[in-house]
Amino acid sequence: MPRPSPAGPRPTALPAVLPVTALLSVTAVWGSTFIILKGALDHVGAADFLAVRFSIAAAVMVGLTGARLRLLGPGQWARGLGLGALYGTAQLLQTVGLRTTDASVSGFITGMYVVLTPLIVLLMGGAPLGRRGLLASGTALAGLACLSLSGTALSPGAMITLAGSMVYALHIVALGRVARGQEAMVLTATQMVGIALVCAAAALPGGIGVPATARVWGPVLYMALASGILTMLLQTWAQARMSPTRAAVIMTCEPVFAALFAVALGDESLSARLLVGGGLILVAMLLSELPGARPAPRPGSRGGRSEDARAW
């Protein structure tokens, strides 16, 4: 007797603004982590921090979905763990690259997934990027440059950071394909297990150091629950309902929120660079959402979405 499928029902018709709002919420939480993490990494190694953070997140998600996880077949586990391995690898590459790269330059290079994502879609057999999508991606990249770059000097870690950006783009594309028709909670749980395994493996050579001070546990728990579980759940749900390229454009709002949090908490002042860079990213997002930005679905396409729509 075949095992019941843990896949959820096909996405029903929802207001188009809901997936966009979900992804914007993800970028807002990501943006808040720059302030939350300030000083925490002075007390614990980056790999240790990631290993503890994602191990907690994985344990919570396995506890919430344990019964449904037992229904998964080997293929479903492989896809979820593979997605998690991609995301965990990108996190580690970004962290290693940051050691020899200015934070502002690292943020810009990491955000290059906005142009790498449509390229990967094309290489994987997707439709070529249309003029509207190309303009949106280019505008978002210009906004990132305005927000992040104060110079052009690149350190050796820049290439490592660029590799991380490419892996982030691979995760965005792969998640967009796998998430359709899957239950977001279950797919999030398997991804968290994959991320935790990769981060723990990276921390093992020196032994995983558990945070010893209370001031570190606050950021760890916030990063595990809000920036780990909540954001991955929302991203998984939203990407089942939009193209990877469109998702990448929306996710470039992360540095905008990071700057807004810094301004709100008094660490930075509102600058012309923030206004121009943030404005360009907002324009890019609006370009991706305007009517006619994506081709109409072909009759009979699954979930009302054309495969060609992945690369509007």
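A quick note: this is a predicted structure, and the numbers were derived from the prediction, not measured.

The rules behind each value
- Residues numbered from 1 in each chain as written.
- Predicted model: local features only at pLDDT ≥ 70, side-chain atom pairs only at ≥ 80, totals over all residues.
- Heavy atoms only, no water.
- Helix = DSSP H or I, 4+ residues; strand = E, 2+ residues; numbered from the N terminus.
- Buried < 20%, exposed > 50% of the residue type's maximum accessible area, 1.4 Å probe, protein only.
- Contact = heavy atoms within 4.5 Å.
- Phe/Tyr/Trp six-rings, centres within 6.5 Å; stacked < 30°, edge-to-face > 60°.
- Core = buried A, V, L, I, M, F, W, Y, C linked by side-chain atoms within 4.5 Å.
- pLDDT = per-residue confidence, 0-100.
- Axes fitted to C-alpha atoms, helices over the stretch in contact; angles between N-to-C directions.
- Parallel < 35°, antiparallel > 145°, perpendicular 65-115°, else oblique.
- Left-handed = near helix turned anticlockwise from the far one by under 90°.
- Nonpolar A, V, L, I, M, F, W, Y, C, P; charged D, E, K, R; others polar.

Another point: the environment of Val283. Mapped onto the elements of the fold, Val283 is located in helix α12 (residues 272-289). A residue is classified by how much of its surface remains accessible, and Val283, at 40% relative accessible area, is partly exposed. Distance in space between the C-alpha atoms of Val283 and Ala136 is 7.7 Å, their sequence separation being 147 residues.

The next point concerns the side chain of Asp48. Within the secondary structure layout, Asp48 lies in helix α2 (residues 46-69). Among all residues touching Asp48, those that are not within four sequence positions of it are Ala203, Gly207, Ile208 and Gly209.

Another aspect to go through is the packing of aromatic side chains. Within the structure shown, the criterion is met by three aromatic pairs. When the ring of Tyr87 is compared with that of Tyr168, the centres are 5.8 Å apart and the planes differ by 75°; the resulting orientation is edge-to-face. Of this pair, Tyr87 sits in helix α3 (residues 74-98) while Tyr168 sits in helix α7 (residues 157-178), and the two are 81 residues apart along the sequence. Among the aromatic residues, ring-to-ring pairing joins Phe54, Tyr87, Tyr113 and Tyr168 into one connected group.

Moving on to the side chain of Gln191. On the secondary structure map, Gln191 appears in helix α8 (residues 184-203). You can call Gln191 buried: its relative accessible area is 0%. Non-local contacts of Gln191, meaning those with residues more than four positions away in its chain, are made with Gly80, Leu83, Gly84, His171, Leu175, Met232 and Thr236.

Quick look at the nonpolar core now. Formed by 69 residues in total, the largest nonpolar core has its most connected members in Leu23, Phe54 and Met192. Broken down by element, the residue count for this core peaks at 10 residues, all from α2. When neighbours within four sequence positions are excluded, Phe54 is seen to be in contact with Tyr87, Gln91, Met192, Ile195, Ala196 and Cys199. Judged by nonpolar contacts, the second largest core, of six residues, contains Leu83, Leu175, Val178 and Ala240.

Turning our eyes to something else, we now look at the confidence of the model for the protein chain. Within the protein chain, residue pLDDT values average 80, and 80% of them lie at 70 or more. Element-level mean pLDDT values for the protein chain span from 71 in helix α4 (residues 103-110) up to 95 in α8. When the criterion is pLDDT under 50, residues 1-5 qualifies, and its contacts beyond four places in sequence or with other chains add up to seven contacts. Contacts of residues 7-13 to residues separated by more than four positions or lying in other chains number nine contacts, the stretch itself having pLDDT below 50.

A few words now on the packing of α2 against α8. For the pair α2 and α8, the least separation of the axes is 7 Å and the interaxial angle reads 150°. Taken together, the axes of α2 and α8 are roughly antiparallel relative to one another. Viewed along their axes, α2 and α8 form a crossing whose handedness is left-handed. Classifying every residue of the contact of α2 with α8 gives 21 nonpolar, four polar and two charged.

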